[in-house]
Amino acid sequence: MCGIVGYIGENNAADVLLGGLKRLEYRGYDSAGICMLDGGELHTERSVGKVQDLADKVYQNLPENIIQATRLGVAHTRWATHGEPSEENAHPHLDQSGRVALVHNGIIENYKEIRQRLTAAGHSFKSQTDSEVLAHLIGAYYGENGDFLQAVCGALNQVEGTFGIAALCLDQPDCVVVARRGSPIVVGLGHNETIVASDAAAIIAHTDQVIYLDDDDVALLKRDDVDLRNIHNVPVSRDVARIEWDARAAEKDGYDHFMLKEIFEQADSLCNTFRGRLDVKQGTAILSGLNLTPREMADIQKVLLIACGTSLHAAMLGKYYFEDLADLCTDVEPAAEFRYRNPIVHARDLAVAISQSGETADTLAAVREAMNKGARVTGLCNVVGSTIARETGTGVYLHAGPEIGVASTKAFTSQMMVLMMMALKFGRGRRLSIQKGLEIIKEIERTPELVAKTLELNQHIAGIAKKYHYVRDFFFIGRGYLYPVALEGALKLKEISYIHAEGYHAAELKHGPIALLEPDVPVLALACDVPGKDKLLGNVEECRARKAPVIGIATEDDEEAVSYLDEVIPVPRTSTLLAPLTAVIAAQLFAYHMARFRGCEIDQPRNLAKSVTVE
Ligand code: F6R
């Protein structure tokens, strides 16, 4: 959701903070703000819209000598939860005295009650946000005891909900205080500077040495020191970790959009996902992070795949892999649903939380629920050191590299790869033969070549998108392994192009939605040459009988499929297991070009944010 940056060091704080915010903009982009301390004064600017609007305002409103002199500050890019996007609601928020400035990510659930209490004590508020209430509460404690760190701890002990915060105080020109509960905070340890942010993207240009705060950690940051406490102000210690990717990974690198860059990275990202994890002698996968002995694996009776959004679609694919390769009964659980119903979970179940960011609130809550119910829980995350990765303690990192485009692409294919390798490993511990295991490994090793061939279709897909980009509605249909791809293709299209798109099992179409088909409602059929294709082509006929144009993602050289389709995107021939890979990359490109022709903001679609840390 929102992005936070804080800085204390020997460089100009304005440039560092605004540069950091730009790298975090994918976390939220409805408003932004900054507060810097210099010469006994707080300089605060806020603006609605993009970080660039804020930067323009800062460089226009603040004299150059002040900008150059700033060495300390906090900044924020917002995705609104409480209160509409407006300057008043943008962060940083100040306390009643105007001495404390705070940026906050998360939700303070009991803010109304605290606000009432503070109002009765004479506080007046300028915004509708829960965050301003927290700033006032810290200020109130600070007024009582004059100890800034103690004031932050005191306030945080009063609040319910989630927070990642960075705060500064006019009277303390040498420190920034940060804390977290449920919202990530990463502290970067530079040379004579400390930079803190909600994720590593804002830090990597300065240092690769970081400390990931745990829930209820508070840290007093100086330019050359980090004093770590818990919210009871008791010292704690945390390891220093190294960020594995370099700064270029968070740049567009010549592409027009991060989304396109990330689509084109997939041959490499998939290689990084499977590299070193294939045992070509035993025909199995090496996933030591799962931390399961062969006996423990054999003892698992059911797999629960828990996720949201695109990761949920990867989970749906995972069900096919686990059932087909490992003979393991597998349920797919939308995380938000799992946490609020009363799911039946046994000690011999393995719950697998799938999350690119590792921070999604619903998935995290589901992890905790599955743990409470006694299941083994493991995480498939991309972001190293993320909350889900750390709380599960075991799991498999995707190693897909940072995903900045709000629409998830390369994380999906890496999730698919990890699920396939997990199923292979479980399968080899059960009934899957070594020969079959070796065949699957050969398939996996072919993926970079398959991806590269699929990407060659870019211009062809752009040509089809040009023809259809004006439509208002779209259907995506698929069966079997390609059914989750239909859902994912529709999600990609709707989130970045704002076209109403529905993903359906091809057989379900005739149970209602077929009523909506007309000549200007196209259908994208996942028509690759895998089991179920004949039936799918029958469903394509049903669509064409209603005069809906049908675009097919089909296996190259499949003349039969071509004869049923109005437009064909011919992807390379693969096994059934890998058909979703080439098909989904074609669907990603299709959504990308549709959005491009419609002039949409592809990397920052309206109303969305990259990591959803609220329910
Ligand atoms: C869609 C998209 C979202 C995420 C969902 C879960 O392109 O990115 O649907 O997949 O918010 O996010 P993670 O995987 O970070 O838990």
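I will try to describe carefully the structure that is included in this document. (Residues numbered from 1 in each chain as written. Predicted model: local features only at pLDDT ≥ 70, side-chain atom pairs only at ≥ 80, totals over all residues. Heavy atoms only, no water.)

Turning next to the sheet that holds strand β11 (residues 209–212). If you walk across this open sheet you meet the eight strands as β3-β2-β4-β1-β10-β9-β11-β14, and the pairing is antiparallel. Single-partner strands in this sheet number two, and they are β3 (41–48) and β14 (241–242). Bridge analysis of strand β9 (residues 186–189) against strand β10 (residues 193–197) gives four bridges, and the strand direction is antiparallel. Bridged to V187 within β10 is V196. Relative to β3, helix α2 (residues 51–61) is tilted by about 140 degrees, and along the sheet it contacts β2 (31–38), β3 and β4 (72–78). (Pairing = 2+ DSSP bridges. Helix = DSSP H or I, 4+ residues; strand = E, 2+ residues; numbered from the N terminus. Contact = heavy atoms within 4.5 Å. Axes fitted to C-alpha atoms, helices over the stretch in contact; angles between N-to-C directions.)

It is worth spelling out the pairing of strand β1 (residues 3–9) at this point. With seven of seven residues buried, β1 lies mostly within the body of the structure. Neither face of β1 is left uncovered, since the one carrying G3, V5, Y7 and G9 and the one carrying I4, G6 and I8 both have all their residues buried. Of the pairings in the sheet, the one linking β1 to β4 comprises six bridges and is antiparallel in character. Residue pairing across strands places G3 opposite T77, the latter belonging to β4. Pairing analysis gives five bridges linking β1 to β10, with the strands arranged antiparallel. In the strand pairing of β10, I8 is matched with T194. (Buried < 20%, exposed > 50% of the residue type's maximum accessible area, 1.4 Å probe, protein only.)

Before going further, it helps to examine unusual backbone geometry. Between H91 and the following residue, P92, the backbone shows a cis peptide bond with an omega angle of 0 degrees. Examined against the element boundaries, P92 turns out to sit in the loop between β4 and β5 (93–94). Phi angles above zero are rare outside glycine, and D216 is one such case at about 70 degrees. If you check the backbone angles, H399 has positive phi at about 55 degrees while not being a glycine.

With that settled, consider the state of the cysteines. Scanning the entire structure with this criterion turns up zero disulfides. Between C2, a free cysteine, and C35, which holds the nearest cysteine sulfur, the sulfur-to-sulfur gap is 17 Å. Using a relative accessible area of 7% as the deciding quantity, one classes C2 as buried. Considering cysteine sulfurs only, C381 is the nearest to C308, which forms no disulfide, with 12 Å between them. Take C308: its relative accessible area is 26%, and that puts it in the partly exposed class. (Disulfide = S-S within 2.5 Å.)

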